[in-house]
Amino acid sequence: MPDAYTHGHHESVLRSHRWRTAENSAGYVLPWLRPGMSVLDVGSGPGTITADFADLVAPGRVVGVDASADVVAQAAAEHVGAAGREGLSFEVADAYRLPFRDGEFDVVHAHQVLQHVERPVDMLRELGRVAGAEGLVAARDVDYEGVIWYPRIPALDDWLALYLRTHRSVAGEPAAGRRLKAWAREAGLGDIRSTASLWLFENDDDRAWWGGMWADRVLQSAFAEEARAIGADDARLQRISDGWREWAAAGDGWLLMPHGEILARGRGPAESPRGES
Ligand SMILES: C[S@@+](CC[C@H](N)C(=O)[O-])C[C@H]1O[C@@H](n2cnc3c(N)ncnc32)[C@H](O)[C@@H]1O
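What this report covers is the structure whose coordinates are included nearby. Remember, it's a predicted structure, so these values are computed and weren't measured experimentally.

Considering the packing of helix α8 (residues 204-220) against helix α9 (residues 222-229)
Phase 1 of the analysis: Close contact between α8 and α9 brings their axes to 5 Å; oriented N to C, the two are set at 50 degrees. The orientation of α8 with respect to α9, classified from their angle, is oblique. Helix-helix and strand crossings are classified by hand; for α8 and α9 the assignment is right-handed. Residues Trp214, Arg217, Val218, Leu219 and Gln220 of α8 touch α9, and the partners they reach there are Ala222, Phe223, Ala224 and Arg228.
Phase 2 of the analysis: Tallied by class, the residues present in the contact of α8 with α9 amount to 6 nonpolar, 1 polar and 2 charged.

A look at the side chain of His259
Phase 1 of the analysis: With respect to the helices and strands, His259 occurs in strand β8 (residues 254-265).
Phase 2 of the analysis: Only 3.4 Å separates the side chain of His259 from the side chain of Arg140, close enough to count as a polar contact.
Phase 3 of the analysis: Beyond its immediate sequence surroundings of up to four residues, His259 is in contact with Gln112, Arg140, Asp141, Val142, Thr195, Ala196, Ser197, Leu198 and Trp199.

Looking at the packing of aromatic side chains
Phase 1 of the analysis: One pass over the full model with this rule turns up 19 aromatic pairs.
Phase 2 of the analysis: A ring pair is formed by Phe201 and Trp210, whose centres lie 4.6 Å apart and whose planes are at 20 degrees; its orientation type is stacked. Taken individually, Phe201 and Trp210 each receive the classification buried, so the pair is uniform in this respect.
Phase 3 of the analysis: Arg119 extends its terminal NZ or CZ atom over the ring of Tyr96, reaching a point 4.0 Å from the ring centre.
Phase 4 of the analysis: Residue placement shows Arg217 over the ring face of Trp214; its charged tip is 4.5 Å from the ring centre.

Section: the nonpolar core
Phase 1 of the analysis: Formed by 31 residues in total, the largest nonpolar core has its most connected members in Leu40, Val42, Met123, Leu124 and Leu127.
Phase 2 of the analysis: Put simply, the parts of the chain that give this core at least two residues each are β1 (38-42), β2 (61-66), β4 (107-111), α5 (120-131), β5 (136-142), α7 (180-186) and β8.
Phase 3 of the analysis: With 6 residues, α5 is the single largest residue contributor to this core.
Phase 4 of the analysis: In contact with Met123, not counting residues within four places along its chain, are Val42, Ala95, Tyr96, Ala110, Val113, Leu114 and Val117.

Section: the environment of Asp66
Phase 1 of the analysis: Mapped onto the fold, Asp66 is located in strand β2.
Phase 2 of the analysis: There is a polar contact of 2.9 Å between the side chain of Asp66 and the backbone nitrogen of Gly45.

What to know about empty space enclosed by the protein
Phase 1 of the analysis: Across all of its chains, the model carries 2 cavities of 30 Å³ or more by this definition.
Phase 2 of the analysis: When its volume is computed, the second largest cavity comes out at roughly 40 Å³.
Phase 3 of the analysis: Taken together, Trp32, Leu136, Asp191, Arg193, Leu263, Ala264 and Arg265 make up the full set of residues lining the second largest cavity.
Phase 4 of the analysis: Elements with a contribution of two residues or more to the lining of the second largest cavity: β7 (190-201) and β8.
Phase 5 of the analysis: A per-element tally of the lining of the second largest cavity places β8 first, with 3 residues.

Regarding unusual backbone geometry
Phase 1 of the analysis: Cis geometry marks the peptide bond from Ala58 to Pro59; its omega dihedral reads 10 degrees.
Phase 2 of the analysis: You can see Pro59 is positioned in the loop between α3 (48-57) and β2.
Phase 3 of the analysis: Along the chain, Tyr150 connects to Pro151 via a cis peptide bond; the corresponding omega equals 0 degrees.
Phase 4 of the analysis: On the secondary structure map, Pro151 appears in the loop between β6 (148-150) and α6 (154-170).
Phase 5 of the analysis: For Gln112, which is not glycine, the phi torsion reads 60 degrees and is therefore positive.
Phase 6 of the analysis: Positive phi is not limited to glycine here, since Asp191 has a value of about 50 degrees.

Cut-offs used in this document
Residues numbered from 1 in each chain as written. Predicted model: local features only at pLDDT ≥ 70, side-chain atom pairs only at ≥ 80, totals over all residues. Heavy atoms only, no water. Axes fitted to C-alpha atoms, helices over the stretch in contact; angles between N-to-C directions. Helix = DSSP H or I, 4+ residues; strand = E, 2+ residues; numbered from the N terminus. Parallel < 35°, antiparallel > 145°, perpendicular 65-115°, else oblique. Left-handed = near helix turned anticlockwise from the far one by under 90°. Contact = heavy atoms within 4.5 Å. Nonpolar A, V, L, I, M, F, W, Y, C, P; charged D, E, K, R; others polar. Polar contact = N/O pair within 3.5 Å; in protein donor to acceptor, adjacent residues only side chain to side chain. Phe/Tyr/Trp six-rings, centres within 6.5 Å; stacked < 30°, edge-to-face > 60°. Buried < 20%, exposed > 50% of the residue type's maximum accessible area, 1.4 Å probe, protein only. Lys NZ or Arg CZ within 6 Å of the ring centre and 35° of its normal. Core = buried A, V, L, I, M, F, W, Y, C linked by side-chain atoms within 4.5 Å. 1 Å grid on protein atoms, 1.4 Å probe; cavity = no way out; pocket = protein on both sides within 12 Å on 5 of 7 lines; lining within 4 Å. Points joined across faces, edges and corners; volume = space filled by probe spheres on them.

Shown next as structure tokens:
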């Protein structure tokens, strides 16, 4: 079974995932994409980044896979059928056991997924297998221990402490960004390039969106249930939600999220015999 996914797919969660584009979330991969390439997006969620990849490599082949059947169906309905993208498809699959041949894709990408799995090194090995020695593995994850913001709002300090504990109580590592390079080395990937990039939320629209999304998420999503399971009561969650609304309303509000990124070569047949999946 795939690992539990901390945030679930509540509307407040999808609201944040839908904002993501290849440009704002996968800039380090873009110079490597060419028309006609094949790209696998693992843990593709609502598929906005995946759909951008499909436009960038058309007439190539892009496949998005996710463990959640619901989110796969939504992504397919939104980005394939109505949008008429011929080379794009979405399917349900587990990142630890991808239903593809060794070296089947030119680029194998995962955005904000390794932080949520229990065995990130095993997942990277599997991404490396389907990329093959000639293909590229690309992964990007936030590092929650590095998130900084202004103004100082005590409820947001509490949010971060609760977030880190909750995430680790479910599965995964919220400070994944700084570990990607180590995980890629342990997975035996080759020619590893390690970079970093930021998300900054500071203008009125971004604050309303990001702060409003977290104000809802701490009360209603799977994250709220997991936080309650480790002892957060309703009053504490309400204080944190109010803190996010206060931050969103603050004209001086500013929040920075650092991300680690790796680009690496996959794994050749010697390390991963053909036919293994
Ligand atoms: C934070 S979301 C990222 C979605 C998308 N990559 C994006 O950035 O918009 C993580 C996604 O990984 C999926 N996921 C988690 N564990 C998985 C696994 N073992 N196999 C496949 N998908 C998985 C979740 O269902 C979720 O949709």
